[in-house]
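The primary structure of each chain is shown beneath.
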Amino acid sequence: MLLSSCDVLRLGVVGHAGPVAASQWHLYLIVGAVLVFVAGPVLLLTPIMAWHYRLSNKNSAFKPKWDFSWWIEALIWLPPVGIVIGLAIVLWTYTHALDPYRRIPSAQPPLEIQAVALDWKWLFIYPDARIATVNELDIPVGRPVHITLTSGTVMQSLMVPQLAGQIYAMAGMTTQLNFAASRPGIFRGENTQFNGAGFQNQKFAVVARPTADYRQWMDRVRANGQPLDAARYARLAKRSVIARPLFYASTPPDLFSHIVAQIPEKTR
């Protein structure tokens, strides 16, 4: 039972595998240090003060006419003011640095991916390659990824803790998420917005591959996948939990735009 919590460290932002998650972890460390600075003296001084001013201590100084102290006033006001100013600077800096719409600086152009949230699965469309996957997002290591998101049903939320933060996907609208993987691996992504009976199973794998392996994977999808036409998408959009990832060798060029424009009845 105790060791089961290790997965939180292994699969979360502590085990970051990209620049965005690394920046998030750095921010958590800063906030944690501030919390220790604030809470530490309180937790330390509370038992000391209780022991010093206990009822049985008859030797402490008694000053019934005491009413002011400059050093106590400085201790009360200066640290909180410094903390607020410091946190404001950190907040301003990291709010801009971790903006999900902010592109990852790189000499390589970003990989464009269109993500569609469905019940209870994720559809990922690669518009440049004209392929698509379900519940598996494959990306090349070291190359920025730019995801445009929407929902084919109710509002949902995409999150890959080891690579990027959380961003919502809403029917009839688009949002964006930018991230990159700095090392090969398989990372867990999931929907963090409750959307019904299959919510707990709406997870997907983010597979970060070296560039050569990524190209080989794309060739295998084109060779072995099936086309994602209107009929197959209609079946895919129905509420269901799939047992394994699906791969499509071709997609209509305007599929994502059509999904954005077609707001489901249950979201109106």
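The structure presented is a predicted model; accordingly, all values stated were derived computationally and were not measured. (Residues numbered from 1 in each chain as written. Predicted model: local features only at pLDDT ≥ 70, side-chain atom pairs only at ≥ 80, totals over all residues. Heavy atoms only, no water.)

Visitor: Could you give an account of the sheet that holds strand E2 (residues 121-126), with specific residues and numbers?
Guide: What the seven strands build is an open sheet, ordered E8-E5-E1-E2-E3-E12-E11; its pairing is mixed. The sheet is open, and its two borders are formed by strand E8 (175-179) and strand E11 (226-227), each paired with just one other strand. (Pairing = 2+ DSSP bridges. Helix = DSSP H or I, 4+ residues; strand = E, 2+ residues; numbered from the N terminus.)

Visitor: Run through the environment of leucine 149, naming residues and quoting values.
Guide: Counting through the fold element by element, leucine 149 comes out in strand E5 (residues 145-151). A relative accessible area of 0% means that leucine 149 is categorised as buried. Placed 26 residues apart in sequence, leucine 149 and threonine 175 show a C-alpha to C-alpha distance of 5.1 Å. Every residue in contact with leucine 149, bar those within four places of it in the chain, is listed here: Ala115, Trp122, Leu158, Ile167, Ala169, Met173, Thr174, Thr175, Gln176, Leu177 and Phe256. (Buried < 20%, exposed > 50% of the residue type's maximum accessible area, 1.4 Å probe, protein only. Contact = heavy atoms within 4.5 Å.)

Visitor: Describe the packing of helix H2 (residues 19-52) against helix H3 (residues 70-97), with residues and values.
Guide: Their axes nearest at 12 Å, the elements H2 and H3 cross at an angle of 170°. What the angle tells us is that H2 and H3 run roughly antiparallel. Contact residues: H2 offers Ser23, His26, Leu27, Ile30, Val34, Phe37 and Val38, while H3 offers Ile83, Leu87, Val90 and Tyr94. Residues belonging to the contact of H2 with H3 are distributed by class as follows: nine nonpolar, two polar and no charged. (Axes fitted to C-alpha atoms, helices over the stretch in contact; angles between N-to-C directions. Parallel < 35°, antiparallel > 145°, perpendicular 65-115°, else oblique. Nonpolar A, V, L, I, M, F, W, Y, C, P; charged D, E, K, R; others polar.)

Visitor: Give me the lowdown on a nonpolar patch on the surface, citing residues and values where you can.
Guide: Taken together, the side chains of Leu44, Leu45, Ile48, Met49 and Tyr53 define a hydrophobic patch exposed on the protein surface, amounting to about 530 Å² of accessible area. Relative to the assigned elements, tyrosine 53 resides in the loop between H2 and H3. In this structure tyrosine 53 comes out as exposed when scored by relative accessible area, which is 55%. (Patch = residues over 30% accessible without salt bridge, like charges linked within 9 Å, V, L, I, M, F, W, Y side chains within 5 Å. Areas by Shrake-Rupley, 256 points an atom, 1.4 Å probe, with all protein chains shown as cover. Salt bridge = Lys/Arg side-chain N within 4 Å of Asp/Glu carboxyl O.)

Visitor: Which residues make up H2, and what values go with them?
Guide: With 34 residues, H2 should reach 50 Å at 1.5 Å per residue; the first-to-last C-alpha distance of 49 Å fits that figure. Taken as a whole, H2 carries its principal kink of about 30° at alanine 39; the proline proline 41 stands between one and four residues after it. Residues of H2 that are buried sit in contact with H3 and E8. (Expected span 1.5 Å × (residues − 1). Bend = angle between axes of the 7 residues up to and from the residue.)

Visitor: Tell me about the packing of aromatic side chains, residues and numbers included.
Guide: Aromatic rings in a pair are described by how distant their centres are and how their planes are angled relative to each other. On inspection of all chains with the given rule, the structure shows eight aromatic pairs. Arranged with centres 6.5 Å apart and planes meeting at 15°, the rings of tryptophan 122 and phenylalanine 124 form a pair that is stacked. Among the residues examined, tryptophan 122 registers a relative accessible area of 0% and is labelled buried. Relative accessible area serves as the criterion here: at 0%, phenylalanine 124 is assigned to the buried category. Pairing tyrosine 126 with tryptophan 217 gives two aromatic rings, centres 5.8 Å apart and planes at 55°, and the pair type is tilted. Taken together, the positions of tyrosine 126 in strand E2 and tryptophan 217 in helix H4 (residues 211-224) put the pair 91 residues apart, joining distant regions of the chain. (Phe/Tyr/Trp six-rings, centres within 6.5 Å; stacked < 30°, edge-to-face > 60°.)

Visitor: A description of unusual backbone geometry should follow, citing residues and the corresponding values.
Guide: In this structure, the amide linkage connecting aspartate 119 to the following residue, tryptophan 120, adopts the cis form with an omega of -5°. Inspection of the secondary structure puts tryptophan 120 in the loop between strand E1 (111-118) and E2.

Visitor: Lay out the sheet that holds strand E4 (residues 136-140) with the relevant residues and their values.
Guide: The sheet built from five strands is open, its strands ordered E4-E10-E9-E6-E7 with mixed pairing. Since the sheet does not close on itself, it has two edges, and those belong to E4 and strand E7 (166-169), each with one partner. When the angles between neighbouring strand axes are averaged without regard to direction, this sheet yields 25°. Relative to strand E9 (residues 185-191), strand E6 (residues 156-159) runs antiparallel, the two sharing two bridges.

Visitor: Break down the pairing of strand E3 (residues 131-134) for me, with residues and values.
Guide: Judged by which residues are buried, E3 turns out to be covered on both faces: Ile131 and Thr133 on one side and Ala132 and Val134 on the other are all buried. Pairing geometry for E2 and E3, over four bridges, is antiparallel. Each residue of the ladder has a partner; that of leucine 123, found in E3, is valine 134. Here E2 folds back onto E3 in antiparallel fashion, the turn holding four residues, of which arginine 130 has a positive phi close to 60°. Across three bridges, E3 lies against strand E12 (residues 246-250) in antiparallel orientation. Each bridged residue has a counterpart across the sheet, and for valine 134 the counterpart in E12 is leucine 246.

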